[in-house]
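Coordinate inspection notes
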Amino acid sequence: FFHMKKLLGIYTASFKDLSLESWMLSIVMLINRTGSMVLPFLGVYMADRLNFSLEDSGLVLSCFGIGSVIGSWLGGYLTDKLGEYYVQCSSLLISVPLFCLYPLFSTPLALGIMVLAQSIVSEMFRPANSVAIAKYANPRNLTRAFSLNRMAVNLGFSLGPALGGLMATVSYSFLFYTNAVGALAAGLVYIYFFNRRQKLFRLRQYRANRDPKAAVLPPAKEQSPYRDITFLLFCGICTAFAVCFFQMMSSLPLFYKNSLGLSQMTIGLLMGANGFVVVVFEMLLVHTAEKRFTTAFSLFAGTLLCALSYFLLGFEPGFLLLFVSMGLLSLGEILVMPFIATLTAQRAGGRNKGAYMGVNGMAYAIAFIIAPVLSTRLATLLGFSQLWIGTAIVLIICSIAFYYIAPMLPRPGAEDMQ
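Residues numbered from 1 in each chain as written. Predicted model: local features only at pLDDT ≥ 70, side-chain atom pairs only at ≥ 80, totals over all residues. Heavy atoms only, no water.

On to the confidence of the model for the protein chain, then. Predicted confidence across the protein chain gives a mean pLDDT of 82, with 85% of residues reaching 70 or more. Overall, residues 214-218 carries pLDDT values under 50, and its contacts beyond four positions in sequence, including any with other chains, amount to one contact. (pLDDT = per-residue confidence, 0-100. Contact = heavy atoms within 4.5 Å.)

Structure follows, in structure tokens:
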């Protein structure tokens, strides 16, 4: 009982000093991601309703990955030019008519263009949202602010497909329209809460610029992320890590089904375990890691846990071991993802956070394109056992690379930035 009470106290403390703005950004993300029902059912929609071939369906789905790369870059660029408020508003509100237009497109080319446009608009939201988190969070709990946002994303992705399945049984068109309503609700909540805060922020900026003391100071020269070799190397490691991690959404379900013969219900339970572990334990583990470990060690340990997770799959795992593997993968994700976002925010300057967040987002988007193609190809040529062992080896290399490059990223005074 004493240990449970102590654990509950730590868990409560992990949420305690987060700003109201951080909570509202996470609520907006939760509403938006709960409404993101289209992508999980898009492949089923193309096969069931539109009678697309497997090849055509794959090409249409690849348009989403391409759009994610473009959207991450464009969102970062526009965030630095216009501000994160306007980019988030535009992304959410423009998504509404795009989702409503989905039922009108019934050929592979037309639907591919539609998916490309929608993914560009939707993915613009991510770098702008990350900049907003860094802007409103207390620098001392920046990682936990990112963790809270990720918790909302995972909870939304857990609820969204479940609701989407109910909508799809009624009508696929109803599914698209419900997605549009989710984007509209998120946009209205965001505008209602942050409109006045954005005006006050711009007013403070205007007064600061008119300050005679500030006027004589030359503007600081900030490096472009595209010329920041250390950061680009870091993003390359992130891409390698993400290619391995995103197999959870591509080759891993195929392994469960084709090699182990698991039922759809069992596969759903295994995949759902990831979201459950992240939602329940992320804030607690990140809060503990912030106090006891360095960022470099957290990245190192988290990547090694992911490596162990995949390594266990290479030796004909039993049913219980499958859940252990998924648990290790989830814990590794918790220790890696929030700290990557924190390091990116600390590496950026005051006026180019959007560009840095956009480049890091592109690293994940590129991995999202590579992972399904590369992993399924290797599984076909070499077999799943060799794929999992090879993935574990790549992750071990990534863990060592993270450990040495992470201390180079935070700029002087990053821990005190606003």
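Having seen it, we continue.
Below, the discussion takes up helix 7 (residues 125-136). Between the first and last C-alpha of helix 7 there are 16 Å, a value that for 12 residues agrees with the 16 Å anticipated at 1.5 Å per step. Of all the positions in helix 7, only Phe125, Pro127, Ala128, Asn129, Ser130, Val131, Ala132, Ile133, Ala134, Lys135 and Tyr136 are classed as buried. (Helix = DSSP H or I, 4+ residues; strand = E, 2+ residues; numbered from the N terminus. Expected span 1.5 Å × (residues − 1). Buried < 20%, exposed > 50% of the residue type's maximum accessible area, 1.4 Å probe, protein only.)

Enumeration according to the criterion identifies 28 aromatic pairs in this entry. Relative to Tyr77, the ring of Trp73 has its centre 5.8 Å away and its plane inclined at 15 degrees; by these criteria the two rings are stacked. Here Trp73 pairs with Tyr77, and both are found in helix 4 (residues 54-82), just four residues apart, close to one helical turn. According to the relative accessible area criterion, Trp73 is partly exposed, its value standing at 38%. Taking the relative accessible area as the measure of exposure, Tyr77 reaches 41% and is therefore partly exposed. With a centroid separation of 6.0 Å and 15 degrees between ring planes, the pair formed by Phe241 and Phe245 is classed as stacked. One end of the pair, Phe241, and the other, Phe245, are both in helix 11 (residues 229-245), four residues apart, so they sit about a helical turn from each other. The class of Phe245 is buried, set by a relative accessible area of 4%. (Phe/Tyr/Trp six-rings, centres within 6.5 Å; stacked < 30°, edge-to-face > 60°.)

Let's shift gears to the environment of Ser130. With respect to the helices, strands and loops of the structure, Ser130 is situated in helix 7. For the pair formed by Ser130 and Ala341, sequence separation is 211 residues and the distance between their alpha carbons is 7.9 Å. Beyond its immediate stretch of four places on either side in the chain, Ser130 contacts Phe146 and Met357.

Taken together, the side chains of Ile66, Ile70, Ile366, Ile369, Ile370, Leu374, Leu378, Leu381 and Leu382 define a hydrophobic patch exposed on the protein surface, amounting to about 700 Å² of accessible area. Taken together, the elements giving at least two residues each to the nonpolar patch come down to helix 4 and helix 16 (353-382). Looking at which element gives the most residues to the nonpolar patch, the answer is helix 16, with seven residues. A relative accessible area of 34% means that Ile370 is categorised as partly exposed. (Patch = residues over 30% accessible without salt bridge, like charges linked within 9 Å, V, L, I, M, F, W, Y side chains within 5 Å. Areas by Shrake-Rupley, 256 points an atom, 1.4 Å probe, with all protein chains shown as cover. Salt bridge = Lys/Arg side-chain N within 4 Å of Asp/Glu carboxyl O.)

A few words now on the nonpolar core. By size, the foremost hydrophobic cluster in this structure holds 57 residues, and its most contacted members are Phe234 and Tyr256. Counting residues per element, the ones that place at least two in this core are helix 11, helix 12 (251-259), helix 13 (264-292), helix 14 (295-312), helix 15 (319-347), helix 16 and helix 17 (384-405). Apart from residues lying up to four places away in sequence, Tyr256 is in contact with Gly261, Leu262, Ile267, Leu270, Met271, Leu322 and Met326. Counting residues in hydrophobic clusters, the runner-up holds 31 residues, among them Met24, Met29, Ile133 and Val153. (Core = buried A, V, L, I, M, F, W, Y, C linked by side-chain atoms within 4.5 Å.)

A few words on the packing of helix 6 (residues 108-123) against helix 7. At their nearest, the axes of helix 6 and helix 7 sit 5 Å apart, and the two run at 5 degrees to each other. On the basis of the axis angle, helix 6 is roughly parallel to helix 7. Contact with helix 6, carried on its side by Val121, Ser122 and Glu123, involves Phe125, Arg126 and Pro127 of helix 7 and no other residues of that element. (Axes fitted to C-alpha atoms, helices over the stretch in contact; angles between N-to-C directions. Parallel < 35°, antiparallel > 145°, perpendicular 65-115°, else oblique.)

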